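# Notes for the structure review
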Amino acid sequence: MTNDTTKKAQPAKAAVTDEPYDVIYFAKKHRISNEDAKDIIEKHGANRKEADKAGRRISV
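Quick summary incoming for the structure in this document.

What counts as what
- Residues numbered from 1 in each chain as written.
- Predicted model: local features only at pLDDT ≥ 70, side-chain atom pairs only at ≥ 80, totals over all residues.
- Heavy atoms only, no water.
- Helix = DSSP H or I, 4+ residues; strand = E, 2+ residues; numbered from the N terminus.
- Expected span 1.5 Å × (residues − 1).
- Buried < 20%, exposed > 50% of the residue type's maximum accessible area, 1.4 Å probe, protein only.
- Arc of directions from axis to C-beta.
- Salt bridge = Lys/Arg side-chain N within 4 Å of Asp/Glu carboxyl O.
- Axes fitted to C-alpha atoms, helices over the stretch in contact; angles between N-to-C directions.
- Parallel < 35°, antiparallel > 145°, perpendicular 65-115°, else oblique.
- Left-handed = near helix turned anticlockwise from the far one by under 90°.
- Contact = heavy atoms within 4.5 Å.
- Nonpolar A, V, L, I, M, F, W, Y, C, P; charged D, E, K, R; others polar.

### Some details on unusual backbone geometry
- A positive phi angle is found at Arg-31, which is not glycine, with a value near 55°.
- Position of Arg-31 relative to the elements: it lies in the loop between helix H2 (23–30) and helix H3 (34–44).

This is how it looks when you write it as structure tokens:
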């Protein structure tokens with residue numbers, strides 16, 4: 001068996017964090033309305049860290 005180093009798998013986390021959240025998932029995660037979740041996702045786009053911060057601020 002040979003070691004083929006040309007085919008390296010990328011970490012799953014990198015692929016997931018490049019896309020914005022799904023509105024319904026985000027709303028359920030932070031227990032906020034779908035409208036609030038949509039506004040946060042539109043404002044922060046693919047920046048999940050900032051979107052999560054905003055979601056936590058609203059859910060309190």
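### What to know about helix H4 (residues 48–59)
- Between its terminal C-alpha atoms H4 stretches 16 Å, which fits the 16 Å expected from 12 residues at 1.5 Å a residue.
- Considered for burial, the residues of H4 that qualify are Arg-48, Ala-51, Asp-52, Ala-54 and Gly-55. One side of H4 holds all its buried residues, which, seen down the axis, span an arc of 165°. Along H4, exposed side chains directed more than 90 degrees from the buried face belong to Lys-49 and Arg-57.

### Structural notes on the pattern of salt bridges
- Summed over all chains, the structure comprises two salt bridges.
- For Asp-52, the salt bridge is made with Lys-29, and the minimal N-O distance between the two is 3.4 Å. On the criterion of sequence distance, the pair formed by Asp-52 in helix H4 and Lys-29 in helix H2 is long-range, its members being 23 residues apart.
- One salt bridge in this structure joins Glu-50 and Lys-53, with 3.5 Å as the shortest N-O distance. Of this pair, Glu-50 and Lys-53 are both found in helix H4, three residues apart, which corresponds to roughly one turn of the helix.

### Focus on the packing of H2 against H4
- Between H2 and H4, the least distance of the axes is 9 Å, while the angle of their chain directions is 50°. Classed by the angle they form, the pair H2 and H4 counts as oblique. Along this stretch, H2 crosses H4, giving a crossing that reads as right-handed. The segment H2 lies against H4, with Phe-26, Lys-29 and His-30 engaging Ala-51, Asp-52, Gly-55, Arg-56 and Ser-59.
- Class assignment for the residues of the contact of H2 with H4 results in two nonpolar, three polar and three charged.

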